[in-house]
Amino acid sequence: MIKKLLLGSAMTAMAFAATAHNHETTENSFNPDTQRIKSHLFFLADDLLEGRDTGSRGHEIAALYIATEFAKYGLKPAGTEGYMQQVSFRKANLLQESPEFTLTRNGEKIDFAYPKEYLAGPSLLSVDANVSGELVFVGYGIVADELSHNDYENIDVEGKIVVSLAGKPSDFPSEEGAHFASGYQKQKYAAEHGAIGMITITTPKNEKVRPYQSRLSYIHTPRMAWLDDEGQPANTFPQIKGGAYLSEAAAKTLFEGAERELDDIYADLEADKVPTGFALPGTVSLSKKSTHEVVTSPNVVGVLEGSDPALKDEYVVFSAHSDHIGFAKTVKKDNINNGAMDNASGTSVMLETARLFSEMDVKPKRSILFVSVTGEEKGLLGADYFARNPTVPVTSMVANVNLDMPILTYEFADVIAFGANHSDLKASVETAASNADISLSPDPWPDQALFTRSDHYAFVKQGVPAVFLVPGLTSKDPEVDGSKVFGHFLSTNYHKPSDDINQPFNWNAAEAFTKVNAQIGWTLANQEDKPKWNEGDFFGTTFSK
């Protein structure tokens, strides 16, 4: 009964429960309540929620909790059913005994062994996927006119299976290169040129970053895609009937007898050269079977209406993902991936930010949209669905501030806003952070292209300037090295059951991060001009609407 009330129009009536206004509107008036942040985080990361996997009962509980908090603060429902925006997903699992990969060359048949020599993910398009065809090597398989690069130039791949290198050319800019080298973009280029299948081969550089052997741990991982109005999985290419990821040994076999051996290709890469494409001898047949099921999982959306008659129809968007990865495949007693830091912490900060704004005597000029998204761990799916099926016009979203996995274990002196350098958000964030006595630091890991790797990027692809905000690496305590703290979390707790409430949370850090976040929202919601992409910026030029 409670859930139905939350989903229906009766929800608006609950807004009276919002606490009395008691905050002034000066720049430094935000006073986060660490006990509230702590209570949110401890609930969302509790074993009861079983790791909040997309489509699970645990995540449903989390979403209901978030919607209830939005109602408590008097936010207006901004989903499609009250605060909720239900998203339908297709979930595909690979039948592990089904993959087959046969190379036929000069009358000889060579069968590759799964998963020892190649990997095959489940198909989102077909429960019984098959493809056969001739092979064409296409370098990295990238078309980037902006970088004067076209791996398909003068190569005929119509009706054929393309073979491409993992990754991107070494001279590509990091963030732009991450866009061009994404799996989606590479499939798009292949499909646009008429290919029917796609094989990816590892490289020496790729093996250093993510060895083939380490990928074997993920062969049972399902794939998911949100379903469009016709019930078809989004961001897929039906023309691409099958594919595989090859180990180095299998890839060398594929290149035997070709005009260039794989070692020649690797020599090019070592010399920072981009190999050009050519036909490979023989044909391949790929097949696999998958199971499909439909699961639903909600985004949760609430809005604080702005005070300015002209600007209230523009929205500053806060986002944070509420899902995590559920149960771990382990024989250990603790098998729940609680996701305390990833991302109960970010969600808790967003909830406290919403409360702070709801209690202000004078509301910001622009409206503020708070979006808790699902399916981040499955490929930024909930954010992509919301950004492409928004409950307010996407052109009215002036900026997005995304909160994902803030490490709240030490008192930081700076923040990092990934992507700030692409728009004038940098100046706005810098001003806002200084109001909270915090400095803004540049991206310390530009080669990681983190600007393309969290939910904000779904908004970027709809033309919305965005930043991904995290605590910086400079600690107020000279005895603490923030980079070591971050590295320890990644190596010890990230996507593991140990990402739980037993970590050494620093609630002063939680308070400071919430204050910075609120200051950024206040600055963006009240500045005269809405944020703009920098002149000539690749992302602004590519995606602006």
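Criteria and cut-off values
- Residues numbered from 1 in each chain as written.
- Predicted model: local features only at pLDDT ≥ 70, side-chain atom pairs only at ≥ 80, totals over all residues.
- Heavy atoms only, no water.
- Helix = DSSP H or I, 4+ residues; strand = E, 2+ residues; numbered from the N terminus.
- Rg over C-alpha atoms; globule rule 2.2 N^0.38 Å.
- Contact = heavy atoms within 4.5 Å.
- Areas by Shrake-Rupley, 256 points an atom, 1.4 Å probe, with all protein chains shown as cover.
- Salt bridge = Lys/Arg side-chain N within 4 Å of Asp/Glu carboxyl O.
- Buried < 20%, exposed > 50% of the residue type's maximum accessible area, 1.4 Å probe, protein only.
- Polar contact = N/O pair within 3.5 Å; in protein donor to acceptor, adjacent residues only side chain to side chain.
- 1 Å grid on protein atoms, 1.4 Å probe; cavity = no way out; pocket = protein on both sides within 12 Å on 5 of 7 lines; lining within 4 Å.
- Points joined across faces, edges and corners; volume = space filled by probe spheres on them.
- Nonpolar A, V, L, I, M, F, W, Y, C, P; charged D, E, K, R; others polar.
- Axes fitted to C-alpha atoms, helices over the stretch in contact; angles between N-to-C directions.
- Parallel < 35°, antiparallel > 145°, perpendicular 65-115°, else oblique.
- Left-handed = near helix turned anticlockwise from the far one by under 90°.
- Core = buried A, V, L, I, M, F, W, Y, C linked by side-chain atoms within 4.5 Å.
- Pairing = 2+ DSSP bridges.
- pLDDT = per-residue confidence, 0-100.
- Patch = residues over 30% accessible without salt bridge, like charges linked within 9 Å, V, L, I, M, F, W, Y side chains within 5 Å.
- Lys, Arg positive; Asp, Glu negative; His and termini not counted.
- Charge placed at Lys NZ, Arg CZ, Asp CG, Glu CD.

**Student:** Report on the overall build of the chain, specifying residues and quantitative values.
**Tutor:** Counting its regular elements, the chain contains 16 helices and 19 strands. A compact globule built from 545 residues would reach a C-alpha radius of gyration of about 24 Å, and the chain, at 24 Å, matches this within 12%. Each of the three principal axes of the chain carries a C-alpha extent, and together these read 80 × 50 × 50 Å. Within the chain, contacts between residues at least 6 apart in sequence are counted, and of these 84% link residues at least 24 apart. For the chain, the exposed area adds up to about 22700 Å²; of that, 49% sits on carbon and sulfur atoms.

**Student:** Could you give an account of the pattern of salt bridges, with specific residues and numbers?
**Tutor:** If charged atoms from side chains of opposite charge come close, those side chains can pair. Under the definition given, this model contains 15 salt bridges. The salt bridge involving Asp53 is made with Lys378; its shortest N-O contact spans 2.6 Å. With Asp53 in the loop between α2 (34–44) and α3 (57–72) and Lys378 in the loop between β15 (367–373) and α11 (381–388), this pair connects stretches of sequence that are 325 residues apart. The class for Lys378 is partly exposed, based on a relative accessible area of 21%. Residues Arg366 and Glu314 are paired through a salt bridge, measuring 2.7 Å at the closest nitrogen-oxygen approach. Separated by 52 residues along the polypeptide, Arg366 in the loop between α10 (340–358) and β15 and Glu314 in the loop between β13 (278–304) and β14 (315–321) bring together distant segments of the chain. As far as the burial class goes, Arg366 and Glu314 line up, both buried.

**Student:** So what's going on with the side chain of Ser358? Residues and values would help.
**Tutor:** Inspection of the secondary structure assignment puts Ser358 in helix α10. Note on Ser358: relative accessible area 4%, which makes it buried. Among the polar contacts made by the side chain of Ser358, one reaches the main-chain carbonyl oxygen of Arg355 at a distance of 2.7 Å.

**Student:** So what's going on with the layout of surface pockets? Which residues, and what values?
**Tutor:** Empty pockets left among the atoms are what a rolling probe the size of a water molecule brings to light. When its volume is computed, the second largest pocket comes out at roughly 270 Å³. As for the second largest pocket, its lining consists of 15 residues, of which Thr395, Gly463, Pro465, Lys530 and Lys545 are closest to the centre. For the lining of the second largest pocket, the class distribution of residues is seven nonpolar, five polar and three charged.

**Student:** Which residues make up the packing of helix α12 (residues 425–435) against helix α15 (residues 507–526), and what values go with them?
**Tutor:** Running from N to C, α12 and α15 point in directions that differ by 130 degrees, and their axes come no closer than 8 Å. Taken as axis vectors, α12 and α15 run oblique relative to one another. Here α12 runs over α15; the crossing is right-handed. Listed contacts from α15 to Leu425, Ser428, Val429, Ala432, Ala433 and Asn435 of α12 are Val516, Gln519, Ile520, Thr523 and Leu524. A per-class count over the contact of α12 with α15 returns seven nonpolar, four polar and no charged.

**Student:** So, the nonpolar core: which residues are in play, and what are the values?
**Tutor:** Residues Phe70, Phe357, Phe370 and Leu469 are the most contacted members of the largest nonpolar core, which totals 75 residues. In terms of residue count, α15 provides more of this core than any other element does, eleven residues in total. The contact partners of Leu469, leaving out residues within four places of it in the chain, are Val401, Asn402, Leu403, Val415, Ile416, Ala417, Phe513, Val516, Asn517 and Ile520.

**Student:** Lay out empty space enclosed by the protein with the relevant residues and their values.
**Tutor:** In this structure the tally under the stated criterion is two cavities of 30 Å³ or more. Volume-wise, the largest cavity comes out at about 60 Å³. Looking at the lining of the largest cavity, the elements that each hand over two or more residues are β12 (242–246) and β13. Of all the elements, β13 adds the most residues to the lining of the largest cavity, at three residues.

**Student:** I'd like a rundown of the pairing of strand β6 (residues 128–137), residues and numbers included.
**Tutor:** Alignment of β6 against β13, held across ten bridges, turns out to be antiparallel. Counterpart to Asn130 in the pairing with β13 is Ser287. Taken together, the three bridges between β6 and strand β9 (residues 161–165) define a ladder with parallel strand orientation. Looking at β9, one finds that Phe137 is bridged to Val163.

**Student:** Explain the confidence of the model for the chain to me, and be specific about the residues and the numbers.
**Tutor:** Mean pLDDT over the chain works out to 94, with 95% of the residues at or above the 70 mark. For the stretch residues 1–26, pLDDT sits under 50, and the model shows 48 contacts to residues farther than four places along the chain or on other chains.

**Student:** So what's going on with a negative patch on the surface? Which residues, and what values?
**Tutor:** On the surface, a cluster of negative charge is made up of Asp46, Asp47, Glu50 and Asp334. Looking at the element boundaries, Asp47 is found in the loop between α2 and α3. You can call Asp47 partly exposed: its relative accessible area is 44%.

**Student:** Describe unusual backbone geometry, and please don't skip the residues or the numbers.
**Tutor:** Look at the link from Tyr114 to Pro115: it is a cis peptide, with omega at 0 degrees. As for its placement among the helices and strands, Pro115 is situated in the loop between β4 (108–111) and β5 (118–119). Cis peptide bonds are those with omega within 30 degrees of zero, and the linkage from Asp342 to Asn343 qualifies with 5 degrees. Unlike most non-glycine residues, Asn106 shows phi in positive territory, near 55 degrees. Tracing the sequence through the fold places Asn106 in the loop between β3 (100–105) and β4. If you check the backbone angles, Asp272 has positive phi at about 60 degrees while not being a glycine. When you line up the elements, Asp272 lands in the loop between α9 (262–270) and β13. You can call Asp272 exposed: its relative accessible area is 55%.

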